[in-house]
Amino acid sequence: INGNSVTIYLNSVVKSSGEYTLEIPADIIKAADGGAFAGTTLTIIVDAAPTMTSKATVNVDNALSDITVEFDSEIEFATGAEKLQLVVKGTETVAAEFVVGESAIIEGNVLTLTLAEEIAPEATTKYDLAIPADFIVKKGSDKAFAGKTITYTVKVPFGVKNITPASGSTVESFDKIV
């Protein structure tokens, strides 16, 4: 309390969009002359920027096929948004490019990135997808996604590349070496 102003501090940050009610009960605040406060209810509307979670689809051959990014509210591409790139981590090698309206599609709160061809590296490889700030906005709002780089790791399973039998042995099958 400072003069005729009351400042209320929240215990935590409100991150989700929505309508919140703050009720200040009667008699909780007293005036300097001893007069009681009548109480009030305030409605606070929060219009937060969207946040996201992501997953990549890896098929049975450990090839990366599609990427989906789910946001906590309906989204749309910002004006001027053109494309996203999936690059090999730590390099400038572009593994895939997603064009807005073609291979980058938004439906409701989900951004789907469809690869023209599956990515099946021969060794475990990390890929970065950078979604720049202001590339995506909350639908019907100017609240822009803050931007984030998501790293995907495509692991290659352990497998037998070749079998060299010991001297004098033959390979009958992969199940039995004599």
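Structure shown above.
Residues numbered from 1 in each chain as written. Predicted model: local features only at pLDDT ≥ 70, side-chain atom pairs only at ≥ 80, totals over all residues. Heavy atoms only, no water.

Caption draft 1: Geometry of the overall build of the protein. A count of helices and strands for the protein gives zero helices and 12 strands. In sequence order, the secondary structure elements of the protein are arranged as β-β-β-β-β-β-β-β-β-β-β-β. Within the protein, buried positions represent 23% of all 178 residues. Once local pairs closer than 6 in sequence are excluded, the contacts in the protein between residues at least 24 apart make up 55%. Split by element, the accessible area of the protein, about 12400 Å² in all, is 50% carbon and sulfur. (Helix = DSSP H or I, 4+ residues; strand = E, 2+ residues; numbered from the N terminus. Buried < 20%, exposed > 50% of the residue type's maximum accessible area, 1.4 Å probe, protein only. Contact = heavy atoms within 4.5 Å. Areas by Shrake-Rupley, 256 points an atom, 1.4 Å probe, with all protein chains shown as cover.)

Caption draft 2: Main features of the pattern of salt bridges. Applying the stated criterion to the full structure yields two salt bridges. With a closest N to O distance of 3.3 Å, K83 and E97 form a salt bridge. Of the two residues, K83 sits in strand β6 (residues 83–88) while E97 sits in strand β7 (residues 94–99), which places them 14 residues apart along the sequence. Of the residues examined, E97 reaches a relative accessible area of 37% and is grouped as partly exposed. Where D128 meets K89, a salt bridge forms, and the shortest distance between an N and an O atom there is 3.5 Å. With D128 in strand β10 (residues 125–131) and K89 in the loop between β6 and β7, the pair connects residues that are 39 residues apart, well separated along the chain. The class of K89 is partly exposed, set by a relative accessible area of 40%. (Salt bridge = Lys/Arg side-chain N within 4 Å of Asp/Glu carboxyl O.)

Caption draft 3: Structural context of a nonpolar patch on the surface. A contiguous nonpolar patch, built from I1, V6 and I8 and spanning about 320 Å² of accessible area, is present on the exposed surface. Looking at where V6 falls in the secondary structure, it is placed in the segment before β1 (18–24). (Patch = residues over 30% accessible without salt bridge, like charges linked within 9 Å, V, L, I, M, F, W, Y side chains within 5 Å.)

Caption draft 4: Molecular detail of the packing of aromatic side chains. If you walk through the whole model with that rule in mind, you get two aromatic pairs. An angle of 90 degrees between the planes, with centres 5.2 Å apart, marks the rings of F71 and F145 as edge-to-face. Here F71 is found in strand β4 (residues 64–71), whereas its partner F145 is found in the loop between β11 (136–138) and β12 (148–154), with 74 residues between them in sequence. Of the two residues, F71 and F145, neither departs from the other in class, the shared state being buried. For the pair F77 and F135, a centre-to-centre distance of 5.8 Å together with 85 degrees between the ring planes defines the contact as edge-to-face. Taken together, the residues span a long stretch of sequence, with F77 in strand β5 (residues 75–77) and F135 in the loop between β10 and β11 at a distance of 58 residues. (Phe/Tyr/Trp six-rings, centres within 6.5 Å; stacked < 30°, edge-to-face > 60°.)

Caption draft 5: The arrangement of the sheet that holds β6 in detail. With respect to topology, four strands assemble into an open sheet ordered β7-β6-β10-β12, the strand pairing being antiparallel. Each end of this open sheet is capped by a strand with a single partner; those strands are β7 and β12. On average, each strand axis in the sheet is tilted by 20 degrees relative to the strand beside it, whichever way the strands run. The pairing of β6 with β7 spans five bridges and is classified as antiparallel. (Pairing = 2+ DSSP bridges. Axes fitted to C-alpha atoms, helices over the stretch in contact; angles between N-to-C directions.)

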